Amino acid sequence: MYPDFIGIGAQKAGTTWLYQNLRAHPDIWMPKEKEIHYFDEKAKPGGGLLAHLRGDSPADKRWRRQLGLSLKALPRNMSTEDLAWSYKYFFGSPNDHWYASLFEPGRGRITGETTPDYAILSKASIAHVHSLMPEAKIIFMMRNPIERPWSVINMGLRSRGENPVSISRDEFEARLDGKRKRRMTSYLRTLRKWSAFYPEDRIFVGFLEDVHLFPEKLLKSLYDFLEVPVVFDERFLRLKVNSGQQSTMPTRFASQVAGAYRGQIRKMSQRFGGYADFWNYCAERLVEDPPPGEDLAYPLWESPLWEDWILASNTSGSNLPQIQSGPLSRVKL
């Protein structure tokens, strides 16, 4: 029993908000672990339980972290079903049959999972996904490419007790140039690879701006895409979408990111318009004429750049988006 849909990212683009709202829907079943990491990690030959307990790979560390959080939940009256699922997930032998069995508790409902690392799967891995579930629906959330790398760098530094603002320009540049960060922010590349296997009407594209501005409309569009009734859970509808406690972004770092992704953002603007036009406006301004001051309000829709863009858009007669998220076949200029 393979899932009916898969959320493939992007990382730091509202996937937790997505997971919480979908999991709260009465007609949708999702695993208790937000990220399964089957196709990017567990589908590959591994070292088994001993390696997970002692290994230093990202997969081993994630397994121990997930297990630790699951064990902490035991005193909170975890159900028998949750216990059985956790035992299978942590101590089972990963293969295609094992993966399918993880969704058995959702029989009779629409099932799915969301693992942001699927955004950068190889073509061979996507082909594996397609061979198992050719009729699955794909969900891909996108975020301003100037914000996404900063969010990752900021979180990584703070997790080690470092102040992101104190690092030098060169150190920030080195962190920004990481291959993984660039691949995670290459949205068009992700969409090209997945649309080679799944038609555009089976790929839902969401914009983080819509999560902030029009959460009900975004969810309605998504529920229509998944063919389930429109049901909202107020506990998660207005869940904070920008992770962390930061409300500002250093202007100097924003300018660096804008310069690094300027060409890619321009292509996004040409492909999608709407919010991607705002991303492009931010990139051009931050490179050519950065706003005064050491910090920008963050996310950038809270900054003066948003109001400046709206003014410029109205002046040029462009149509501002009301709700842009939807199937890839419709999210076009």
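Owing to the predicted nature of the structure, the values given are computational and were not obtained by experimental measurement. All residue numbers here refer to positions counted from 1 along the written sequence of the relevant chain. Where totals are concerned, whole chains, interfaces and linings use all residues; where local detail is concerned, this predicted model gives features only for residues with pLDDT of at least 70, and gives and counts side-chain atom pairs only at 80 or more. Calculation of side-chain values draws on the structure's entire complement of heavy atoms; hydrogens and water are dropped beforehand.

1. Observations regarding the pairing of strand β5 (residues 203-207)
Thinking step 1. Burial of β5 is extensive: 5 of the 5 residues sit out of reach of the surface.
Thinking step 2. Residues Ile 203, Val 205 and Phe 207 line one face of β5 and the alternating positions Phe 204 and Gly 206 line the opposite face, and both faces are buried.
Thinking step 3. Where strand β4 (residues 137-142) meets β5, 5 bridges bridge the pair, whose relative direction is parallel. From the neighbouring strand, Ile 138 faces β5, where its bridge partner is Ile 203.
Thinking step 4. Strand pairing is defined by DSSP finding a minimum of two bridges between the two strands. The secondary structure listing takes helices from DSSP runs of H or I that are at least 4 residues long and strands from runs of E that are at least 2 residues long, numbered from the N terminus. By the bridge criterion, 2 bridges tie β5 to strand β8 (residues 326-327) in an arrangement that is antiparallel. Between buried and exposed lies partly exposed: a residue is buried under 20% and exposed over 50% of the maximum accessible area for its type, with that area taken using a 1.4 Å probe on protein chains only.

2. What about the packing of helix α9 (residues 169-176) against helix α15 (residues 251-272)?
Thinking step 1. Axis lines are fitted to C-alpha atoms, over the contacting stretch for helices. Their N-to-C directions set the angle, which ranges from 0 to 180 degrees. With their axes 11 Å apart at the nearest point, α9 and α15 run at an angle of 40° to one another. Comparing the axis directions of α9 and α15 gives the class oblique. Two packed elements cross with a definite hand, and for α9 against α15 that hand is right-handed. Counting all contacts with α9, which are made through Arg 169, Phe 172, Glu 173 and Leu 176, the residues of α15 involved are Arg 252, Phe 253, Gln 256, Val 257, Ala 260 and Tyr 261.
Thinking step 2. Residues are grouped as follows: Ala, Val, Leu, Ile, Met, Phe, Trp, Tyr, Cys and Pro are nonpolar; Asp, Glu, Lys and Arg are charged; every other residue, Gly included, is polar. When the residues that make up the contact of α9 with α15 are grouped by side-chain class, the tally is 6 nonpolar, 1 polar and 3 charged. Comment on the angle field: the value is read as roughly parallel under 35 degrees, roughly antiparallel over 145, roughly perpendicular from 65 to 115, and oblique elsewhere. By definition, any crossing whose near helix is turned counterclockwise from its far helix by less than a right angle is left-handed, and any crossing with a clockwise turn is right-handed. Contacts are residue-level and defined by heavy atoms, with any inter-residue pair within 4.5 Å sufficient.

3. Remarks on helix α7 (residues 123-132)
Residues separated by three or four positions in an α-helix point in the same direction, a consequence of the helix having 3.6 residues per turn.
Thinking step 1. Those residues of α7 lying buried are Ser 125, Ile 126, Val 129 and Leu 132. Relative to the axis of α7, the buried residues are bounded by an arc of 125° and lie together on one face. Opposite the buried face of α7, at more than 90 degrees from it, the exposed residues are Lys 123, Ala 124 and Ser 131.
Thinking step 2. For α7, the elements touching its buried residues are β1 (5-7), α2 (38-42), α6 (96-101) and α11 (187-195). When we speak of the arc, we mean the arc of directions from the helix axis to the C-beta atoms.

4. Some remarks on the sheet that holds strand β2 (residues 28-29)
Strands belonging to one sheet form pairs held by backbone hydrogen bonds; the direction of such a pair is parallel or antiparallel.
Thinking step 1. Spatial ordering of the open sheet is given by β2-β3-β1-β4-β5-β8, a layout of 6 strands whose pairing is mixed. The sheet is open, and its two borders are formed by β2 and β8, each paired with just one other strand.

5. Remarks on the packing of aromatic side chains
Thinking step 1. Only rings of Phe, Tyr and Trp enter the pairing, Trp through its six-membered ring, and a pair is recorded when the two centres are within 6.5 Å. The plane angle decides the type: under 30 degrees is stacked, over 60 is edge-to-face, the rest tilted. With the rule as written, the count across this model stands at 25 aromatic pairs.
Thinking step 2. Here the aromatic rings of Tyr 87 and Phe 91 are separated by 5.4 Å at their centres, their planes lie at 45°, and the arrangement is tilted. In this pair, Tyr 87 and Phe 91 are both assigned in helix α5 (residues 80-91), 4 residues apart and thus about one turn of the helix distant.
Thinking step 3. Using a relative accessible area of 58% as the deciding quantity, one classes Tyr 87 as exposed.
Thinking step 4. Among the aromatic residues, those joined into a ring-pair cluster are Tyr 2, Trp 29, Tyr 38, Phe 39, Trp 85, Tyr 89, Phe 90, Trp 98, Tyr 99, Phe 103 and Tyr 118.
Thinking step 5. The cationic tip of Lys 137 hangs over the ring face of Phe 225; the distance from NZ or CZ to the ring centre is 5.3 Å.
Thinking step 6. The ring of Tyr 261 carries the charged tip of Arg 182 above its face, separated from the ring centre by 5.2 Å. Sitting over a ring, as applied to charges here, requires NZ of Lys or CZ of Arg to be within 6 Å of the ring centre and within 35 degrees of the ring normal.

6. Here's the deal with a positive patch on the surface
Thinking step 1. Each patch is assembled from residues with relative accessible area greater than 30% and no salt bridge, linking like charges that lie within 9 Å and nonpolar side chains (Val, Leu, Ile, Met, Phe, Trp, Tyr) that lie within 5 Å. Residue burial considers only the protein chains on display, and all accessible areas are found by Shrake-Rupley using a 1.4 Å probe. A pair is scored as a salt bridge if a Lys or Arg side-chain nitrogen falls within 4 Å of a carboxyl oxygen belonging to Asp or Glu. Here Asp and Glu are counted as negative and Lys and Arg as positive; His is not counted, and neither are the chain ends. By convention, the charge on Lys lies at NZ, on Arg at CZ, on Asp at CG and on Glu at CD. Where like charges cluster on the molecular surface, the positive patch consists of Lys 179, Arg 189, Arg 192 and Lys 267.
Thinking step 2. By secondary structure assignment, the location of Lys 179 is in helix α10 (residues 179-184).

7. A few points about the pattern of salt bridges
Close approach of charged atoms allows side chains of opposite charge to pair.
Thinking step 1. Applying the stated criterion across every chain yields a total of 14 salt bridges.
Thinking step 2. Glu 216 is the partner of Arg 238 in a salt bridge, and the nearest nitrogen-oxygen pair spans 2.8 Å. With Arg 238 in the loop between α14 (234-237) and β6 (248-250) and Glu 216 in helix α13 (residues 215-226), the pair connects residues that are 22 residues apart, well separated along the chain.
Thinking step 3. Residue Arg 238 is classed as exposed on the basis of its relative accessible area, which comes to 54%.
Thinking step 4. Given the relative accessible area of 28%, Glu 216 is considered partly exposed.
Thinking step 5. The partner of Asp 224 in a salt bridge is Lys 220, and the shortest N-O contact between them spans 3.1 Å. Of the two residues, Asp 224 and Lys 220 are both situated in helix α13; the distance of 4 residues between them amounts to about one turn of the helix.
Thinking step 6. Taking the relative accessible area as the measure of exposure, Asp 224 reaches 43% and is therefore partly exposed.
Thinking step 7. Judged by its relative accessible area of 42%, Lys 220 is partly exposed.
Thinking step 8. Ionic contacts of the salt-bridge type, sharing partners, join the residues Arg 262, Arg 266, Glu 284 and Glu 288 into one network.

8. A word on the nonpolar core
Thinking step 1. Put simply, a nonpolar core is a bunch of buried Ala, Val, Leu, Ile, Met, Phe, Trp, Tyr and Cys residues held in one set by side-chain atoms that sit within 4.5 Å of each other. Residues Leu 22, Met 142, Ile 146, Trp 194, Phe 272 and Trp 279 are the most contacted members of the largest nonpolar core, which totals 92 residues.
Thinking step 2. Setting aside residues up to four positions removed in sequence, Trp 194 forms contacts with Ile 8, Tyr 118, Ala 119, Leu 121, Ile 126, Val 129, Ile 138 and Ile 203.

9. Considering the pairing of β4
Consecutive residues of a regular strand have side chains that alternate between opposite faces of the sheet.
Thinking step 1. For β4, the tally of buried residues reaches 6 of 6 residues, placing the bulk of the element in the interior.
Thinking step 2. Going residue by residue along β4, you find Lys 137, Ile 139 and Met 141 tucked away on one face and Ile 138, Phe 140 and Met 142 tucked away on the opposite face as well.
Thinking step 3. Sheet analysis places β1 next to β4, joined by 3 bridges and oriented parallel. Across the sheet, the residue bridging to Gly 7 is Ile 139, located in β4.

10. Points about the environment of Trp 301
Thinking step 1. Within the secondary structure layout, Trp 301 lies in the loop between β7 (295-297) and α17 (304-316).
Thinking step 2. Residue Trp 301 is classed as buried on the basis of its relative accessible area of 8%.
Thinking step 3. Counting along the chain gives 157 residues from Trp 301 to Asn 144, while the straight-line C-alpha distance between them is 9.6 Å.

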